[in-house]
Amino acid sequence: MNADSNEIYPDLEHWGKIAESTFWGFVGCEIEELSPSKVIVSIDIKPHHLNLIGILHGGVHATLIDSGMGLIAMIARPNDNVVTSNLTMNYVAPTEKGRVFVTAEIIHSSRKMITTQAFARTENGDLCAFGTGTFRVLNKPI
């Protein structure tokens, strides 16, 4: 993970502890980099991440993309809760081994909504999937 992340986001350690016991931790997602403009998350592909034809399951792509976009939305609104209200996925090419990296960024932000995009790529940079997401800002303390 980016060394500056803990200095920029004091709640990162708290988020990490909570995430370990959630779906994020169960799937095996990892944070690679956090900044106000970009989040990178990753996963090592394991046999249980594959579908019946031996490629990375679309739900794993969706989980990584939604999670990366959710993190960037959380960074933008650290004192509020944000929830996914829309997720659109596009599957481009299969992958079956190695590591997948998802880069997420904010496209637009308003008082109540945050729109994001994310791209999933293999270790060599090949595009696997991409998506957009809309997140509702709930204005509740965390």
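Please refer to the structure placed before this passage.
Residues numbered from 1 in each chain as written. Predicted model: local features only at pLDDT ≥ 70, side-chain atom pairs only at ≥ 80, totals over all residues. Heavy atoms only, no water.

### Structural notes on the sheet that holds strand E3 (residues 82-91)
Within a beta sheet, neighbouring strands are joined by backbone hydrogen bonds and run either parallel or antiparallel to one another. Spatially, E1-E2-E4-E5-E6-E3 is the arrangement adopted by the 6 strands of the open sheet, whose pairing is antiparallel. Where the open sheet ends on each side, the last strands, each with one partner, are strand E1 (30-34) and E3. For this sheet, the mean inter-axis angle between neighbouring strands, taken without regard to orientation, is 20°. Judged from the 6 bridges that link them, strand E2 (residues 39-44) and strand E4 (residues 99-109) form a sheet pairing that is antiparallel. (Pairing = 2+ DSSP bridges. Helix = DSSP H or I, 4+ residues; strand = E, 2+ residues; numbered from the N terminus. Axes fitted to C-alpha atoms, helices over the stretch in contact; angles between N-to-C directions.)

### A few points about the nonpolar core
Inside soluble globular proteins, nonpolar side chains tend to come together where they are buried. Of all hydrophobic cores here, the largest spans 31 residues; its most connected members are Trp24, Val39, Val41, Leu64, Ile65, Val100 and Val102. Of all elements in the fold, only helix H3 (23-27), E1, E2, helix H4 (58-76), E3, E4, strand E5 (113-122) and strand E6 (127-137) reach the threshold of two or more residues within this core. Considering each element in turn, this core owes the most residues, 9 residues, to H4. Look past the residues within four positions of Val41 in its chain and what remains in contact with it is Trp24, Glu30, Ile31, Glu32, Leu64, Gly68, Leu71, Val100, Phe101 and Val102. (Core = buried A, V, L, I, M, F, W, Y, C linked by side-chain atoms within 4.5 Å. Buried < 20%, exposed > 50% of the residue type's maximum accessible area, 1.4 Å probe, protein only. Contact = heavy atoms within 4.5 Å.)

These values are about where atoms sit, not about what they do.
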